[in-house]
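Chain residues, written in single-letter form:
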Amino acid sequence: MTSTADTVSKAAPERAVPLRIAYSPCPNDTFVFDAWAHGRLADAPALDVTFADIDLTNGMAERGELDVLKVSYAALPWALDEYALLPCGGALGRGCGPLVLSREPGADLAGRTVAVPSERSTAYLLFRLWAAERVAGGVGSVVVLPFDEIMPAVRDGRVDAGLVIHEARFTYRNYGLHALVDLGEHWETTTGLPIPLGAIIARRSLGAAALRRLADAARASVRAAWDDPDASRPYVLAHAQEMDPAVADQHIALYVNEFTADLGEEGYAAVRTLLSRAADEGLVPPLAPGALAFP
């Protein structure tokens, strides 16, 4: 049987068989992929889009589902045998890291229960690396909750603290919560590097030439969004889960930047540092030599 991936790599023209892609409905992803998803890029492969939260796409990557995926950088050690990291389209940055929230300022997390959105996320790795340094005796139990349930759980006392991402940076005060630590700030202070959050990966079986075309399309889509931000606005707001438009704009400003167009040396250094530190703590498998290289 011929797979979709094989068909795409051999089809002529390439747009005849859409690539199956999954990314989140968050504003940064819909902003980045709008021009590509809606066929406004010349010579870019057509896309068959599935919306899924990062925890779901991480699982898809581990199971080898779909052709292109937006995943957490923390999921790469389980995905890079089958998928290649694209050097663009993802989310790295500064001042955009996850927060640990509590009901009371300065709460001690030793032996406490902490809700997290995923155990295969950069946010979780940053939390565990911070806790290893700063929480004597370690935290107690970790429970996984959908990210939109974490702040209510902390507010209502069902957990002692919560690890939050995305627009929660702008809305946690509405729940009467306090930021115990900004994990992005901690990361930047200790490494001097940007925070590696979300990555774009594509099947290696598509072939080197197809992977390069995908990278070109991702870059072109980012630049098209920057050149005409209003063009993406209907797509962004349609999938922003009732998010206030001003918050959506803040979200995009934080997570779409020069690293989205090109990881560059600094971006790759951030990814290697995160995954090597996490491997040293036994949180992820070590990367094979050359695993991050792009064809």
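Here the structure is a predicted model, which means the values were calculated and not measured.

(A) How the structure looks around empty space enclosed by the protein. Applying the stated rule across the entire model yields two cavities of 30 Å³ or more. Roughly 270 Å³ of volume is contained in the largest cavity. If you trace the largest cavity, you find 19 residues lining it, with Ile 54, Ile 165, His 166, Leu 197 and Gly 198 closest to the centre. Of all the secondary structure elements, the ones that give two or more residues to the lining of the largest cavity are helix H2 (27-37), strand E3 (68-72), helix H4 (122-134) and strand E11 (195-203). Looking at side-chain class alone, the lining of the largest cavity contains nine nonpolar, eight polar and two charged residues. Considering only enclosed or pocket space, the second largest cavity measures out at about 50 Å³ in volume. Lining the second largest cavity are Pro 25, Cys 26, Pro 27, Phe 147, Glu 167, His 239, Ala 240, Gln 241 and Met 243. Each residue belonging to the lining of the second largest cavity can be placed in one class, and the counts come to six nonpolar, two polar and one charged.

(B) Just the layout of surface pockets, in detail. Taken as a whole, the largest pocket holds about 330 Å³ of empty space. If you go around the largest pocket, you meet 17 residues; those closest to its centre are Phe 147, Asp 148, Glu 167, Thr 171 and Tyr 175. Contributions of two or more residues to the lining of the largest pocket are made by helix H5 (147-155) and helix H6 (168-171). The element best represented in the lining of the largest pocket is H5, accounting for five residues. The class makeup of the residues in the lining of the largest pocket is eleven nonpolar, two polar and four charged. Here the second largest pocket is characterised by a volume of approximately 200 Å³. Forming the walls of the second largest pocket are 14 residues, and the residues nearest its centre are Asp 53, Ile 54, Asp 55, Pro 146 and Phe 147. Taken together, the elements giving at least two residues each to the lining of the second largest pocket come down to helix H3 (54-63) and H5. Top contributing element to the lining of the second largest pocket by residue count: H3, with three residues.

Here is what the cut-offs are and how they apply
Residues numbered from 1 in each chain as written. Predicted model: local features only at pLDDT ≥ 70, side-chain atom pairs only at ≥ 80, totals over all residues. Heavy atoms only, no water. 1 Å grid on protein atoms, 1.4 Å probe; cavity = no way out; pocket = protein on both sides within 12 Å on 5 of 7 lines; lining within 4 Å. Points joined across faces, edges and corners; volume = space filled by probe spheres on them. Helix = DSSP H or I, 4+ residues; strand = E, 2+ residues; numbered from the N terminus. Nonpolar A, V, L, I, M, F, W, Y, C, P; charged D, E, K, R; others polar.

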